[in-house]
Amino acid sequence: MSMRRYYEFVIEALIFASGIASIIFVLLIFIFLLKEGLMLFEHVGVFEFLFGKYWYPISEPPRLGILPLILGSLWVTFGATVISVPLGIACAIFIGEIAPGWLKEVLKAGVELLAAIPSIVLGFIGLVTLVPMVKKVFGLPTGLTAISGSIMLAFMAMPTIVSIMEDALNAVPRGYREGSIAMGATQWQTIRRIVLPSASSGIIAAVMLGIGRVVGETMAVMMITGNAAVIPMSFFAPVRTMTATIAAEMGETVQGSEHYFALFAIGIVLFAITFVINLLADFALHGKQIRT
Amino acid sequence: MVDVAEKIQVKNLTVTYAGIPALRSANFSVYENEILGIIGPANSGKTTCLRTLNRLNDLDPRYRFEGEVLIDGKDIYRRWNVFELRKKVGMVFALPTPLPISIFENLAYGPRRDGVHSRKRLQEIVEQSLKSAFLWDEVKDRLHESAMKLSGGQQQRLCIARTLALEPEVILFDEPCSGLDPISTAKIEDAMRELKRRYTLILVTNNTKQAARVSDRVAFFLMGELVEIDQTQKIFTVPKDGRTEGYISGRYG
Amino acid sequence: MKLGNAQVEQKIVFFFLFLSTLIILIPVILVLIVIISRGSSVLNWAFLTAMPRMGMRSGGIFPTIVGTFYLVAGTLVFALPIGIFSAIYLSEYSKRNLLTRIIELAIVNLAGVPSVVYGLFGLGLFVVFLKFGASILAGSLTLAVMVLPVIITASREALQSVPRSFREVSYSLGATKWQTIRYAVLPHALPGILTGTILSVSRAAGETAPILFTVAAFYLPRLPQSIFDQAMALPYHLYVLSTQVPNVRLELQYGTALVLVGLIVIANLVAVIIRSYFRAKKQW
């Protein structure tokens, strides 16, 4: 009996340790980004890093301003959001409210399929199909532009937006719809006046998480945006995002160099951005209070 | 009924859920080898009272308890190990609750957790328990089929057998026939009368007639209060409290 | 009968909603068709089982498939036990208090960390600090942390869908808390846990950014011999072929993409089959 007690005590200790593992990993990620990233600021000021206009990491001395990269990320993210939010919301409404049973299942499977295709594959396909198309349609010297990245990322954000928003629509009680229909409203009036307002916090969360997905996307964006580290002036010019910079340059840095630390510092910025986005999305979904 | 052993003594039992009282200072005893029926309308505290006896209420974090419950003279909170207590005090739930595993595995679940692993011993236990619950003849050829394939009445007898497999001394029935047809109900009631010889039974029921049919004594609960407890015959013919009479006649009338 | 304005409006709106759905889903189908039609021309047994040759411009992709399998296995070894135990904590032990809320927020945030930041984290912790070097071990650990939130969420849902009565029955038969979880809850949650795990790990198999600095090798002449070796991996290989090596035949790239997507789709199908099989069998 005492043997069994001991065994159960050990198991329950493991369960508790695993329970708080998520907290530990978030902290570890934060600590290790800081550990390497903060070293940069012995050489470069925070202001100079965040708002410096020039990213010349291998010049002598290196210039490590990430303003072009932040703007690159913002630019691409903005474009992707403009495309994906209306389309994603429309698609979620169609799947969640309008499509009949069988079609709904088919469409949902399609969205899941999109989510299952790896970023690298979409990047590759974008590189060989979308990029030449953009070049031709807009008559540009190169198709490796912000607009290509935005289109690509819009697609990659779609599964997140559609599935979370569809959950939000599903959570609206059936009675709300029936009440409205019973008063003579059309299905669309019901959706617009009753269902969408009731699901608004879920829709906000869906959009936020979609944006979070876009900001953090790396491989596809690296392959098709051209990666020019200059302050972007147009959707039709090459840009370089923060994520792409880390992925493309980490392999060439010397461990312990300013450049190496700077890439970790970019990681801190990315981590902070997605942390805030996810926190806001979760508060939109669950509220700030502890559920009691 | 003189000189009967008191199997369970409930003293000043008060139970609250999230601060809301479910049972107020109940005092009663249960004698060895009797069937005590507990009747009363919904939310009268019957089930709460039952789930206190095997400490199943402990699973609800909102549950608070005052007073004393003694089984075999020992306080269930201070002197009983809770796992030993639950083996000693079996429970049959309102709806049949077979686990979605085979009949054999359902029966062996309790003994296995208790450390019985010999195949031969388990087979003996399974056979013996099924016989005691009058289910053996119906299932002996398909012990390894899923318990979910049994009818509702068979499932409920399986649950009784599953309890018996642990050789308990007290068995708690929480409205065991509420989902069953009259024939299945009759079979369960027969089984209970038979089990009384070896066990102490407590039967919570919504069905006053059932209490009248199988109980030796009956307790009537109303809004968390134990109104009256007496011989079945007395409760149904000359109740001391007007509320008891009202409830029973309402049911009959 | 004349349609009212409201009905006309509804028709128009629904048409545009449908159009939006098509705009999203038609490219998905086109992408798959392109990959399949152009990739299948190089897809044969030799392509799957031969080493790359001539600077990866011909030959097969065998080592990348092997590497991806090693990474998936390693990810499972680390993420599955922690994920299931963590879900057990949340489903069976945690009370609704501040700690639980913080754990939930941590899970949400882990799920939102960009994949390239996982790469940095793996580099900082596993490769450099713990001195595992760029290795299968470091890569698997990095991917394991990344898939953890998905496994936890799916497992927790599966555990919570097991009826409360199973637990009550088990306790009423004298079982302890762990026995109840182990024998009355976990077996019935397993199909759901399995489905969620397959889905998340198959996604991990397609990730490139987290393995860039933690395990992935540009080219290795032989297969990895231990968990401390680097490995080639399918997604990174596709990256290399399409951007790092000049003059690679496009068909070879499509073929690699086809194998990667094919493996993931097969894993997803397996998960769907498991799910529907147990749903049909489920009797509670």
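Residues numbered from 1 in each chain as written. Chains lettered and ligands numbered in written order. Predicted model: local features only at pLDDT ≥ 70, side-chain atom pairs only at ≥ 80, totals over all residues. Heavy atoms only, no water.

Quick word on the overall build of chain A
Spelled out, the test is: Secondary structure elements are defined from DSSP: runs of H or I of at least 4 residues count as helices, runs of E of at least 2 residues count as strands, and each element is numbered from the N terminus. Any two residues whose heavy atoms approach within 4.5 Å at even a single point are treated as in contact. In these tables, accessible area is a Shrake-Rupley quantity obtained with a 1.4 Å probe, and a residue counts as shielded only by the protein chains included in the view. Only four residue types enter the tally: Lys and Arg on the positive side, Asp and Glu on the negative side; His and the chain ends are excluded. The atom standing in for a charge is NZ when the residue is Lys, CZ when it is Arg, CG when it is Asp and CD when it is Glu.
Assigned secondary structure in chain A consists of 13 helices and two strands. Long-range contacts, defined here as pairs at least 24 residues apart, represent 72% of the contacts in chain A between residues at least 6 apart. Element-wise, carbon and sulfur atoms account for 69% of the exposed surface of chain A, whose accessible area totals about 13,000 Å². Between the averaged position of the 17 positive side-chain charges in chain A and that of its 17 negative side-chain charges there is a distance of 9 Å.

Observations concerning the packing of aromatic side chains
For clarity, the threshold we go by: Planes of paired rings set the category: under 30 degrees apart is stacked, over 60 is edge-to-face and the rest tilted, where pairs are Phe, Tyr or Trp rings (Trp by its six-membered ring) whose centres lie within 6.5 Å. To sort residues, take the accessible area from a 1.4 Å probe on protein chains only and compare it with the maximum for the residue type: under 20% means buried, over 50% means exposed, and anything in between is partly exposed. Counting as a charge over the ring demands two things of the Lys NZ or Arg CZ atom: a distance within 6 Å of the ring centre and an angle within 35 degrees of the ring normal.
Under the criterion given, the structure shown has 23 aromatic pairs over all chains. With 5.0 Å between their ring centres and 70° between their planes, A:Phe124 and C:Tyr254 make a pair best called edge-to-face. With A:Phe124 in helix 6 (residues 119–137) and C:Tyr254 in helix 11 (residues 250–281), the pair connects residues from two separate chains. Grouping residues by exposure puts A:Phe124 and C:Tyr254 together as buried. Connected via pairs of aromatic rings, a cluster forms that spans B:Tyr17, B:Tyr63, B:Phe65 and B:Tyr77. Taking the ring centre of C:Tyr183 as reference, the NZ or CZ of B:Arg113 above it sits at 3.5 Å. Of note, C:Arg182 hangs over the ring of C:Tyr183, and the distance from its end group to the ring centre comes to 4.6 Å.

A closer look at the interface of chain A and chain C
Where interface size is quoted, it is often the accessible area lost as the parts come together. Here is the rule: When two parts are brought into contact, each loses some accessible area as probed by a 1.4 Å sphere; the total of that loss over both is the buried area. Salt bridge criterion: a side-chain nitrogen from Lys or Arg within 4 Å of a carboxyl oxygen from Asp or Glu.
The partner chain C presents 79 residues to the 81 residues of chain A that form the contact. Buried surface at the junction of chain A and chain C, both sides included, amounts to about 7,000 Å², of which 78% is carbon and sulfur. The three residues of chain A that bury the most area against chain C are A:Ile15, A:Phe124 and A:Trp188, which together make up 9% of that side's buried surface. Our count for the chain A to chain C interface comes out at two salt bridges.

Here's the deal with helix 10 (residues 234–244) of chain C
In terms of burial, helix 10 of chain C is largely enclosed, as nine of its 11 residues are buried. All buried positions along helix 10 of chain C are accounted for by C:Leu234, C:Pro235, C:Tyr236, C:His237, C:Leu238, C:Tyr239, C:Val240, C:Leu241 and C:Ser242. On its buried face, helix 10 of chain C is in contact with helix 6 and helix 11 (219–224) of chain A together with helix 3 (62–93), helix 8 (177–205), helix 9 (209–212) and helix 11 of chain C.

Considerations on helix 13 (residues 258–286) of chain A
Think of an α-helix as turning once every 3.6 residues; residues three or four places apart then point the same way. For clarity, the threshold we go by: Between the first and last residue of a helix there are one fewer steps than residues, each counted as 1.5 Å, and that sum is the expected span.
When the terminal C-alpha atoms of helix 13 of chain A are compared, their 41 Å separation across 29 residues agrees well with the 42 Å that a helix rising 1.5 Å per residue should span. A:Gly287 occupies a position one or two residues after helix 13 of chain A and carries a positive phi of about 80°.

Focus: the nonpolar core
Put simply, the test is: Among the buried residues, those of types Ala, Val, Leu, Ile, Met, Phe, Trp, Tyr and Cys that are joined through side-chain atoms within 4.5 Å form a nonpolar core.
The biggest cluster of nonpolar side chains holds 222 residues, and the ones touching the most others in it are A:Val121, A:Ile266, B:Ile8, B:Phe28, C:Leu17 and C:Ile88. Not counting residues up to four positions away in its chain, the partners in contact with B:Phe28 are B:Ile8, B:Gln9, B:Val10, B:Leu36, B:Cys49, B:Phe221, B:Leu226 and B:Ile229. Of all hydrophobic cores here, the second largest spans 34 residues; its members include B:Ile125, B:Leu130, B:Leu195 and B:Leu201.

Things to note about the confidence of the model for chain C
Note the cut-off: Scored from 0 to 100, pLDDT records how confident the predictor is in each individual residue.
Mean pLDDT for chain C: 92, with 98% of residues reaching 70 or above. This prediction of the complex comes with two scores: 0.91 for pTM and 0.92 for ipTM.

Here's the deal with the packing of helix 7 (residues 164–172) of chain C against helix 8 of chain C
All names here are of chain C. Applied cut-off: Here the axes come from fitting lines to C-alpha atoms, over the contacting stretch only for helices, and the angles between their N-to-C directions go from 0 to 180 degrees. Left-handed describes a crossing whose near helix is turned anticlockwise from the far helix by less than a right angle; the clockwise case is right-handed.
Where helix 7 meets helix 8, the closest approach of the two axes is 9 Å, and the angle between their N-to-C directions is 145°. Of the two possible hands of crossing, helix 7 and helix 8 adopt the one that is right-handed. Across the interface between the two elements, Phe166, Arg167, Ser170 and Tyr171 from helix 7 touch Lys177, Thr180, Ala184, Val185 and His188 from helix 8.

Some words on the pairing of strand 1 (residues 6–17) of chain B
Residue and element names in this part refer to chain B. Our working rule: When DSSP finds at least two bridges between two strands, those strands are taken to pair.
Where strand 1 and strand 2 (residues 20–31) come together, eight bridges link them in antiparallel fashion. Bridged to Glu6 within strand 2 is Tyr31. Adjacent in sequence and paired antiparallel, strand 1 and strand 2 are bridged by two residues, among which Ala18 carries a positive phi angle near 50°.

Digging into the packing of helix 6 of chain A against helix 11 of chain C
For the record, the criterion: These descriptions rest on fixed angle ranges, namely under 35 degrees for roughly parallel, over 145 for roughly antiparallel, 65 to 115 for roughly perpendicular, and the rest for oblique.
Packing of helix 6 of chain A against helix 11 of chain C brings their axes to within 10 Å, and their N-to-C directions diverge by 150°. Classified by the interaxial angle, the pair formed by helix 6 of chain A and helix 11 of chain C is roughly antiparallel. Relative to helix 11 of chain C, helix 6 of chain A is oriented so that their crossing is left-handed. Here helix 6 of chain A contributes A:Ile120, A:Val121, A:Phe124, A:Ile125 and A:Val128 to the contact with helix 11 of chain C, which in turn contributes C:Leu250, C:Gln253, C:Tyr254, C:Ala257, C:Leu260 and C:Val261.

What about the layout of surface pockets?
Note the following rule: Using a 1 Å grid laid over the protein atoms alone, points where a 1.4 Å probe fits but cannot get out form a cavity; open sets with protein on both sides within 12 Å along at least 5 of 7 lines form a pocket; any residue with an atom within 4 Å of a point counts as lining. Grid points are joined across faces, edges and corners, and a volume is the space filled by probe spheres set on the points. Residue classes follow a fixed rule: Ala, Val, Leu, Ile, Met, Phe, Trp, Tyr, Cys and Pro count as nonpolar, while Asp, Glu, Lys and Arg count as charged, and any other residue, Gly among them, counts as polar.
When its volume is computed, the second largest pocket comes out at roughly 1,700 Å³. For the second largest pocket, the lining is made up of 50 residues, of which B:Leu59, B:Asp60, B:Pro61, B:Arg62 and C:Arg164 are closest to its centre. For the lining of the second largest pocket, the elements supplying multiple residues, two or more each, are strand 2, helix 1 (46–53) and helix 2 (82–88) of chain B together with helix 3, helix 4 (98–112), helix 6 (136–160), helix 7 and helix 8 of chain C. Taken together, the residues of the lining of the second largest pocket break down into 17 nonpolar, 15 polar and 18 charged.

Some points on a nonpolar patch on the surface
For the record, the criterion: Note on patches: the residues involved have over 30% relative accessible area and no salt bridge, like charges join within 9 Å, and the nonpolar side chains Val, Leu, Ile, Met, Phe, Trp and Tyr join within 5 Å.
The grouping of C:Val8, C:Ile12, C:Phe15, C:Phe16, C:Leu19 and C:Ile23 at the surface amounts to a nonpolar patch, some 520 Å² of accessible area in total. With respect to the helices and strands, the residue C:Phe16 is situated in helix 1 (residues 5–39).

As for the pairing of strand 4 (residues 63–71) of chain B
Residues and elements named next belong to chain B. Pairing of strand 1 with strand 4 involves eight bridges; the strand directions are antiparallel. Each bridged residue has a counterpart across the sheet, and for Val15 the counterpart in strand 4 is Phe65. Connecting strand 4 to the next strand, strand 5 (residues 74–75), in antiparallel fashion are two residues, including Asp72 with a positive phi near 55°.

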